[in-house]
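# Structure assessment
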Amino acid sequence: YKRQDLNKESKLQNTISKYVNIKINVNLLKVIILSIFSLIFFMLIPSMASAGILGLTYMILGTVKILLSKTNKAKNLLRLWGSVILIGTILLTFMLGVSPFKWNRVQVTINPESDPEGAGWIAINRKEIIESAKVLGEAENKSDAIDLFDEGTDSAFIALLAHYGWAVSITIVLTIIALSIKLIFNAITIKDNYGKFLIIGISS
């Protein structure tokens, strides 16, 4: 079976090289295609935050893979991060250029007070919670938006801060960071590549 797989891979490489005139790593090509598809599915939901987190995880895995290789580390890292930054900048510029709504959201994120009754309303309420949070216990001013800050969403930290205070919130964050660091150190000692990258992906 292994010989058949190698023959298939060699034939595919020869076919690609015939038309493109470059040598292609078939396994790398498969990973890139699958990564793009998974990111597209997240963006179609739409869940840009999830797509961003997944994309960053792919970048970390790619970086680790390059660092574990023996040749052209600097050049490959430059190619990986340079291409992603370039494509991301082009896409972001295009999205902001064709959508005044998205550009307005960026401005309101920087200065929520410019639209206190619209897109800046949640940010202002978030700021009120942070300023009135106690060391322990519920915040003095939980604001009008506390029901929107759910523990199961990307506003989980604000919800914890509003209900339980700084001590509990920071303890939970430090525990998560410590667990992630522990997973990374465990991944270094794992010899099996699949297990190593699985643990690195989870910790990322």
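Quick caveat: nothing in here was measured; it's all calculated off a predicted structure. (Residues numbered from 1 in each chain as written. Predicted model: local features only at pLDDT ≥ 70, side-chain atom pairs only at ≥ 80, totals over all residues. Heavy atoms only, no water.)

## A short note on the overall build of the chain
Just so we agree on the cut-off: To qualify as a helix, a DSSP run of H or I must reach at least 4 residues; to qualify as a strand, a run of E must reach at least 2; elements of each kind are numbered from the N terminus. A 1.4 Å probe rolled over the protein chains alone gives each residue an accessible area, and that area as a share of the maximum for its type sets the label: buried under 20%, exposed over 50%, partly exposed in between. Where accessible areas are quoted, they stem from the Shrake-Rupley method and a 1.4 Å probe; at the residue level, only the protein chains shown are allowed to cover.
Along the chain, the regular secondary structure elements total 9 helices and 0 strands. For the chain, the α and β elements follow one another from N to C terminus as α-α-α-α-α-α-α-α-α. The buried share of the chain, taken over its 204 residues, is 20%. Carbon and sulfur atoms provide 67% of the accessible area of the chain, an area that totals close to 15100 Å².

## Topic: the confidence of the model for the chain
The cut-off we apply is this: As a per-residue quantity, pLDDT reports the predictor's confidence and falls between 0 and 100.
For the chain, per-residue confidence averages 78 on the pLDDT scale, and 82% of positions sit at 70 or higher. Here helix H1 (residues 2-20) stands out as the least confident element of the chain, with mean pLDDT 56; helix H8 (residues 166-189) is the most confident, with 88.

## Digging into helix H9 (residues 193-203)
Rules: Contacts were defined at the residue level, with two residues in contact if any of their heavy atoms lie within 4.5 Å.
Buried within H9 we find Gly-195, Lys-196, Phe-197, Ile-200 and Ser-203. Taken together, the buried residues of H9 touch helix H3 (48-68) and H8.

## Quick word on the pattern of salt bridges
Definition in use: Think of a salt bridge as a Lys or Arg side-chain nitrogen and an Asp or Glu carboxyl oxygen that are within 4 Å of each other.
Inspection of every chain in the model, using the stated rule, returns 1 salt bridge. Across the pair Glu-113 and Lys-127 runs a salt bridge whose closest N-O atoms are separated by 3.6 Å. Of this pair, Glu-113 sits in the loop between helix H5 (100-110) and helix H6 (121-132) while Lys-127 sits in helix H6; the two residues are 14 residues apart in sequence, bridging distant segments of the chain. Given the relative accessible area of 43%, Lys-127 is considered partly exposed.

## Digging into H6
Applicable threshold: A helix is expected to reach a length of 1.5 Å times the quantity of its residues less one.
Look at H6: 17 Å from first C-alpha to last across 12 residues, which is about the 16 Å you get at 1.5 Å a residue. Looking at the buried residues of H6, the elements they touch are helix H7 (156-164).

## Brief notes about the packing of helix H4 (residues 73-98) against H5
To keep it simple, the criterion reads: Only the stretch in contact is used when fitting a helix axis, every axis being a line fitted to C-alpha atoms; angles between N-to-C directions are given from 0 to 180 degrees. We call two directions roughly parallel when the angle between them is under 35 degrees, roughly antiparallel when it is over 145, roughly perpendicular when it lies between 65 and 115, and oblique otherwise. Side-chain classes follow a simple rule in which Ala, Val, Leu, Ile, Met, Phe, Trp, Tyr, Cys and Pro form the nonpolar group, Asp, Glu, Lys and Arg form the charged group, and the remainder, Gly included, forms the polar group.
Between H4 and H5, the shortest axis-to-axis distance is 5 Å and the interhelical angle comes to 105°. The pairing of H4 with H5 is recorded here as roughly perpendicular in orientation. Of H5, the residues touching H4 (which contributes Met-95, Leu-96 and Val-98) are Pro-100, Lys-102, Trp-103 and Val-106. Class assignment of the residues belonging to the contact of H4 with H5 gives a composition of 6 nonpolar, no polar and 1 charged.

## Section: the environment of Lys-182
Counting through the fold element by element, Lys-182 comes out in helix H8. Here the alpha-carbon distance between Lys-182 and Ser-203, two residues 21 residues apart in the chain, equals 8.6 Å.

## A look at the packing of H3 against H4
The criterion, for reference: It is the rotation of the near helix from the far one that decides the hand of a crossing: anticlockwise by less than a right angle makes it left-handed, clockwise makes it right-handed.
Here H3 crosses H4 at 165°, and the two axes come no closer than 9 Å. Considering their axes alone, H3 and H4 lie roughly antiparallel with respect to each other. The crossing of H3 and H4 is right-handed. Contacts from Met-59, Gly-62, Thr-63, Ile-66 and Leu-67 of H3 reach H4 at Lys-73, Asn-76, Leu-77, Leu-80, Trp-81 and Val-84.

## Considering the side chain of Lys-196
Threshold: Asp and Glu are treated as the negative residues and Lys and Arg as the positive ones, with His and the ends of the chain left uncounted.
Locating Lys-196 in the fold gives a position in helix H9. Of the side chains with opposite charge, Asp-192 lies nearest to the buried Lys-196, which makes no salt bridge, at 9.3 Å. For Lys-196, the contacting residues outside a window of four places in its chain are Leu-68, Ala-187, Ile-188 and Ile-190.

## Digging into the environment of Gly-52
Within the fold, Gly-52 resides in helix H3. The class for Gly-52 is partly exposed, based on a relative accessible area of 41%. With 10 residues separating them along the chain, Gly-52 and Phe-42 place their C-alpha atoms 9.2 Å apart.

## What about the side chain of Thr-63?
The cut-off we apply is this: Side-chain atoms alone can form a polar contact between residues adjacent in sequence; in general such a contact is a pair of N or O atoms within 3.5 Å, and within protein one must be able to donate a hydrogen while the other accepts it.
Relative to the assigned elements, Thr-63 resides in helix H3. On the basis of relative accessibility, which here comes to 16%, the residue Thr-63 falls in the buried class. A distance of 2.8 Å separates a polar atom in the side chain of Thr-63 from the backbone oxygen of Met-59. Sequence-distant contacts of Thr-63, that is, excluding residues within four places in its chain, are made with Leu-77, Leu-80 and Trp-81.

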